[in-house]
Amino acid sequence: MIQFEQVEKKYPDGTHAVQELNLTIDKGEFFVLIGPSGCGKTTTLKMINRLIPISGGTVRIDGKKISEFDIHELRWNIGYVLQQIALFPHMTIAENIAVVPEMRGWSAEKINHRVDELLDMVGLEPSIYRSRKPSELSGGQQQRIGVIRALAADPDIILMDEPFSALDPISREKLQDDLLSLQRQIQKTIVFVTHDMKEAVKLGDRLCLMKDGRIVQTGTPEDILQHPANAFVESFIGVHQEKEHTRVKEVVRAYPANESAGGRIGGDATVAQAMQLLAQTEALTVYENGKPIGIVTRQTMIQFLAGEVTA
Ligand SMILES: Nc1ncnc2c1ncn2[C@@H]1O[C@H](COP(=O)(O)OP(=O)(O)OP(=O)(O)O)[C@@H](O)[C@H]1O
Ligand SMILES: [Mg+2]
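Residues numbered from 1 in each chain as written. Chains lettered and ligands numbered in written order. Predicted model: local features only at pLDDT ≥ 70, side-chain atom pairs only at ≥ 80, totals over all residues. Heavy atoms only, no water.

- Named according to an unreviewed UniProt entry, the protein chain is Quaternary amine transport ATP-binding protein originating from Domibacillus enclensis.
- The record in UniProt for the protein chain states the following under Catalytic activity (unreviewed entry): "a quaternary ammonium(out) + ATP + H2O = a quaternary ammonium(in) + ADP + phosphate + H(+)".
- The record in UniProt for the protein chain states the following under Sequence similarities (unreviewed entry): "Belongs to the ABC transporter superfamily." (UniProt positions renumbered as here; feature names shortened; annotations may be inferred.)

Listed below in structure tokens is the structure:
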């Protein structure tokens, strides 16, 4: 559990980057910080692992103040994925992944096993990728290495600062899907920064919307989409809000899919209701007057919400 109490960050030049931050992030939660550029997301993230010192208030991890942790113990127990792909170019993929386990003094055997396990987890064949250099991987593959490197020493907390923003939309969606299925297995506490509402809604158990260094609203994606706290939130999620109310049958008509479906929903249900069900299953069969009229996949809904498909 990560707790912020009245946390404040004032940079030496007087910039008040974060103010009166009160927040509790639960263990195992996928928590998304979202807001416009300069609102304080990166600052908030970096205060958790003490990459940026706090000016006021307290941050606690499992009840203990972060200032009381040994700095190495703190950093090793917190994985960090940067926005820019930041692999060491002269080192192989295996060496890149092994950085923290080596600092922690793991045996070579244990490290080797861990590297293979992590590469397998993200669908990169160890015998091929272990010995490559970062420049011999695509951008999406490099970013996948960035994610598993943060997981390497099995930290309890993972901080991710816009990890997918440099990627093309297809790699980005693939990595989001990978991360979601990975999180189902590992159940870490993830703090994920983005300025993309579509990404936030797809990934987050809860979202925290920030503006000018302050929290504007915290809640589940459904809470925020259905009950935006003020005009700023409304405008930030505007596109989604409008589309959330569209009937599922309209989406099906606009974009029929023919894969097998895991759940079912009435055609008059809203997109917001369908999204809730799609958090648990990949696809829904849509019924009207007791008859199936089509199938809607999670992918379709996300494309629809992003404006790539219109009803
Ligand atoms: N080292 C610094 N010195 C002074 N001001 C800074 C420093 N780093 C960040 N800031 C300022 O603090 C505020 C918050 O910055 P931060 O990087 O946390 O924003 P952000 O929400 O991550 O933005 P982005 O989406 O663009 O990454 C901004 O006004 C920024 O200019
Ligand atoms: Mg930032």
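1. A short note on the domain arrangement of the protein chain
By a frequent convention, interface size equals the accessible area lost on bringing the separate parts together.
Then step 1. When the domains of the protein chain are assigned, the result is domain 1 (2-235) and domain 2 (245-305).
Then step 2. For domain 1 versus domain 2, the distance between C-alpha centres works out to 31 Å.
Then step 3. On the side of domain 2, 7 residues touch domain 1, which itself brings 8 residues to the contact.
Then step 4. For the pairing of domain 1 and domain 2, the buried interface totals around 670 Å² over both sides, and the portion due to carbon and sulfur atoms is 52%.
Then step 5. Of all residues in domain 1, the largest losses of buried area upon contact with domain 2 belong to Glu173, Lys202 and Glu222, amounting jointly to 46% of the total for that side.
Then step 6. Our count for the contact surface shared by domain 1 and domain 2 stands at 0 salt bridges.
Then step 7. For the side of domain 1 that touches domain 2, the secondary-structure elements that each account for two or more residues are helix H8 (169-186), helix H9 (197-203) and helix H10 (221-226).
Then step 8. Residues that form the side of domain 1 that touches domain 2 fall into these classes: 1 nonpolar, 1 polar and 6 charged. (Domains from an automatic or database assignment. Contact = heavy atoms within 4.5 Å. Buried area = accessible area lost by both parts, 1.4 Å probe. Salt bridge = Lys/Arg side-chain N within 4 Å of Asp/Glu carboxyl O. Helix = DSSP H or I, 4+ residues; strand = E, 2+ residues; numbered from the N terminus. Nonpolar A, V, L, I, M, F, W, Y, C, P; charged D, E, K, R; others polar.)

2. Some words on unusual backbone geometry
Then step 1. Phi angles above zero are rare outside glycine, and Asp154 is one such case at about 55°.
Then step 2. Tracing the sequence through the fold places Asp154 in the loop between helix H7 (139-151) and strand S7 (157-161).
Then step 3. Located in the positive-phi region is Asn289, a residue other than glycine, with phi close to 50°.
Then step 4. Assignment of secondary structure puts Asn289 in the loop between strand S12 (283-288) and strand S13 (291-297).

3. Comments concerning the site of ligand 1
Then step 1. In the vicinity of ligand 1, 13 residues are found, and the nearest of them are Ser37, Gly38, Lys41, Thr42 and Thr43.
Then step 2. Between an oxygen atom of ligand 1 and a side-chain N or O atom of Ser37, the distance comes to 2.5 Å.
Then step 3. At a separation of 3.2 Å, an oxygen atom of ligand 1 approaches a polar backbone atom of Cys39.
Then step 4. For ligand 1, the protein covers 63% of the area, taking 640 Å² as the surface of the free molecule. (Near = heavy atom within 4 Å. Polar contact = N/O pair within 3.5 Å; in protein donor to acceptor, adjacent residues only side chain to side chain. Areas by Shrake-Rupley, 256 points an atom, 1.4 Å probe, with all protein chains shown as cover.)

4. Section: the packing of helix H5 (residues 108-121) against H7
Any two packed helices are characterised by how steeply their axes cross, that is the angle between the axes, and by the distance between the axes.
Then step 1. At a minimum axis distance of 10 Å, the contact between H5 and H7 shows a crossing angle of 135°. In terms of orientation, H5 and H7 fall into the oblique class. Regarding H5 and H7, the two cross each other, and that crossing is right-handed. When H5 is examined against H7, the residues Arg114, Leu118 and Leu119 are found in contact with a partner set consisting of Ile145, Ile148 and Leu151. (Axes fitted to C-alpha atoms, helices over the stretch in contact; angles between N-to-C directions. Parallel < 35°, antiparallel > 145°, perpendicular 65-115°, else oblique. Left-handed = near helix turned anticlockwise from the far one by under 90°.)

5. Section: the environment of Arg298
Then step 1. Looking at the secondary structure, you find Arg298 in helix H14 (residues 298-305).
Then step 2. Separated by 24 residues in the primary sequence, Arg298 and Ala274 place their C-alpha atoms 8.8 Å from one another.
Then step 3. If near-sequence neighbours (up to four positions away) are discounted, Arg298 is found in contact with Arg184, Leu278, Ala279, Gln280, Thr281 and Glu282.
Then step 4. Only 2.7 Å separates the side chain of Arg298 from the backbone oxygen of Leu278, close enough to count as a polar contact.
Then step 5. A polar contact is formed between the side chain of Arg298 and the backbone oxygen of Thr281, at a distance of 3.5 Å.

6. Structural notes on the pattern of salt bridges
Then step 1. Within the structure shown, the criterion is met by 17 salt bridges.
Then step 2. In this structure, Lys174 and Asp178 form a salt bridge, with 2.8 Å as the shortest nitrogen-oxygen distance. Remark: Asp178 and Lys174 occur in helix H8; sequence separation between them is 4 residues, near one turn of the helix.
Then step 3. With relative accessibility at 41%, the residue Lys174 sits in the partly exposed group.
Then step 4. Across the pair Lys249 and Asp268 runs a salt bridge whose closest N-O atoms are separated by 2.9 Å. Residue Lys249 is located in helix H12 (residues 248-254), and its partner Asp268 is located in the loop between strand S11 (263-266) and helix H13 (271-278); the two are separated by 19 residues in the primary sequence.
Then step 5. Given a relative accessible area of 13%, Lys249 falls into the buried group. (Buried < 20%, exposed > 50% of the residue type's maximum accessible area, 1.4 Å probe, protein only.)

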